[in-house]
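Each chain, written out:
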Amino acid sequence: MIVTLTPNPSLDRALDLPRLEPGGVNRALAEHLHPGGKGLNVTRALTANGVASRAVLPVGGPDGDRMVALLADQQVAAHPVRVAGHTRTNLTLAEVTGRTTKVNSPGVALSAAETDALLAAVQGELLPDARALVIAGSLAAGQSMELLTRAIDLAAEARVPVVVDTSGAPLAAAVAHGGLSLIKPNDEELAELTGARLDTVGDVLAAARGLIAGGLDTVLVSLGGHGALLVQADRSWWAGGPALVPLSTVGAGDCTLAGYLAADDPDPGARLARAVAWGRAAVLLPGSAVPAPTDIHPTEVAVVADPDPATALKELSS
C-alpha cells in the first residue's frame, strides 16, 4: 500500500481548444473533469494499474463533495477529511498544438484543528503494509510548513519511507527537515532548490548529489519532453523516448512518480523506464486523466546508464 497526502487538492476542469485567443471569445471542443492534486494523481494512476494506494486529502464545500463522488465512481480509495473551506477548482486550457495554459486557484488555509485531523488521518493509514508515504502538491496560502514536517515525522515513527514532490519553499523546508527517501523535482525546481544553473547532465548530477550528501537516498528529476534522470550517490540513469505532441501535460509528472513507485524493482534503470513510460502515456490523455495499462508502452522508452555528464539537457532524446 502506498499512502499519499495532498494538502491542497483541486477539482480539475480542462477545456480542449483549437487555439487560445487571449482577449477573445474561445469555444471549447470538449470539456473534462477530474479529481486533481499531485498526491491524488499518484493514487489515481496507481489504482488504474492495479497497485494498492490510498489518498488522504482535505475536502470542503460543493466541489469537495463532487471530488469525493468522482473518486468513489472511479473506485479510488480515499480518506477525505472534512474542512470548513471550499475545495478549489483549477482550469486547464489545452490547445491542439500541445500548448497547455493552467489557471490554478490558491486553495484554502487549514485551521490548527483541521491540520491535526489531516495528520491523524495520515497516521491512521500508515499501517504495517504501507510501502511509502508520498507528500505531494502545493500548500495553500496560510498552510504551515509544519504540516509537511509533522507528516514526515509520522512516517519516520512508522518506519515508512517518505517521498516528496512539491516545489519552492515547501520543498526547501522538507529537504532541510530531513528524513526523506526520494524527491521528484523537475529541472527548474531543482535549480531553484539548489541555486545552480542546470544546462547539462553533469549540472543535474552535481545538484542532485549535493542533496544526497545531505541525507537523501535518490533524486528523480523530470525533464519534460527530454525524459528523466534518476540520480543516486554513485550511479545515474537517463530514460526517454521519441518526441510526442501532448494533449495535456497536467499530471504527467505525477504519473511518472507513480510509475516509479509501482513496484519495488531491484533494477533502478527498469524502474525509471517504467516511470517515463507512465508519464509519456499521461501526456497523450485529456485533462488530468491517468493512464491504464493499455495506454502505457514501455518498449518506446530507451535507458542509458551513467549518461555522459557533458550532454546538454536539451539534446537528450532517444
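Residues numbered from 1 in each chain as written. Predicted model: local features only at pLDDT ≥ 70, side-chain atom pairs only at ≥ 80, totals over all residues. Heavy atoms only, no water.

The name given to the protein in an unreviewed UniProt entry is 1-phosphofructokinase family hexose kinase, with Cellulomonas denverensis as the source organism. We quote the UniProt Sequence similarities (unreviewed entry) comment for the protein here in full: "Belongs to the carbohydrate kinase PfkB family." (UniProt positions renumbered as here; feature names shortened; annotations may be inferred.)

Q: Can you tell me about the packing of helix α1 (residues 38–48) against helix α8 (residues 252–261), naming the residues and giving the values?
A: Across the interface, α1 lies against α8 with an axial gap of 8 Å and an inter-helix angle of 55°. By the angle class used here, α1 and α8 are oblique. Classified by chirality, the crossing of α8 by α1 is right-handed. Here Lys38, Asn41, Val42, Ala45 and Leu46 of α1 come into contact with α8, specifically with Asp254, Cys255, Leu257 and Ala258. Its residues placed into classes, the contact of α1 with α8 shows six nonpolar, one polar and two charged. (Axes fitted to C-alpha atoms, helices over the stretch in contact; angles between N-to-C directions. Helix = DSSP H or I, 4+ residues; strand = E, 2+ residues; numbered from the N terminus. Parallel < 35°, antiparallel > 145°, perpendicular 65-115°, else oblique. Left-handed = near helix turned anticlockwise from the far one by under 90°. Contact = heavy atoms within 4.5 Å. Nonpolar A, V, L, I, M, F, W, Y, C, P; charged D, E, K, R; others polar.)

Q: Explain the packing of aromatic side chains to me, and be specific about the residues and the numbers.
A: The tally for this structure, following the rule as stated, stands at zero aromatic pairs. Over the ring of Tyr260 we find Arg271; its NZ or CZ atom is 4.2 Å from the centre of that ring. (Phe/Tyr/Trp six-rings, centres within 6.5 Å; stacked < 30°, edge-to-face > 60°. Lys NZ or Arg CZ within 6 Å of the ring centre and 35° of its normal.)

Q: Talk me through the sheet that holds strand β12 (residues 228–231); I want residue IDs and the actual numbers.
A: As summarised here, the arrangement of the ten strands in space is β5-β4-β1-β8-β9-β10-β11-β12-β13-β14, forming an open sheet in which the pairing is mixed. Each of the sheet's edge strands pairs with one partner strand only, and the pair in question is β5 (78–82) and β14 (302–305). Strand direction decides the pairing type here: strand β8 (residues 132–136) and strand β9 (residues 162–165), joined by four bridges, are parallel. The residue of β9 that forms the bridge with Ala136 is Asp165. (Pairing = 2+ DSSP bridges.)

Q: How would you summarise the sheet that holds strand β6 (residues 88–95) if you had to cite specific residues and measurements?
A: Spatially, β3-β2-β6-β7 is the arrangement adopted by the four strands of the open sheet, whose pairing is mixed. The open sheet has two free edges, formed respectively by β3 (30–36) and β7 (100–103), since each of these has just one partner strand. When strand polarity is set aside, the average angle formed by the axes of neighbouring strands in this sheet is 20°. Where strand β2 (residues 10–17) lies against β6, eight bridges are found, and the strand directions are parallel. Looking at the pairing, Leu15 lines up with Leu93 of β6.

Q: I'd love a proper account of the layout of surface pockets, names of residues and values included.
A: The volume enclosed by the largest pocket comes to roughly 1,100 Å³. Around the largest pocket, the lining comprises 44 residues; the ones closest to its centre are Thr249, Gly251, Ala252, Gly253 and Asp254. For the lining of the largest pocket, the per-class residue count stands at ten nonpolar, 23 polar and eleven charged. The computed volume of the second largest pocket comes to approximately 280 Å³. Forming the boundary of the second largest pocket are 17 residues, of which Ser181, Tyr260, Leu261, Asp264 and Arg271 lie nearest the centre. Looking at the lining of the second largest pocket, the elements with two or more residues in it are α8 and α9 (268–283). Of the residues belonging to the lining of the second largest pocket, the class tally is nine nonpolar, three polar and five charged. (1 Å grid on protein atoms, 1.4 Å probe; cavity = no way out; pocket = protein on both sides within 12 Å on 5 of 7 lines; lining within 4 Å. Points joined across faces, edges and corners; volume = space filled by probe spheres on them.)

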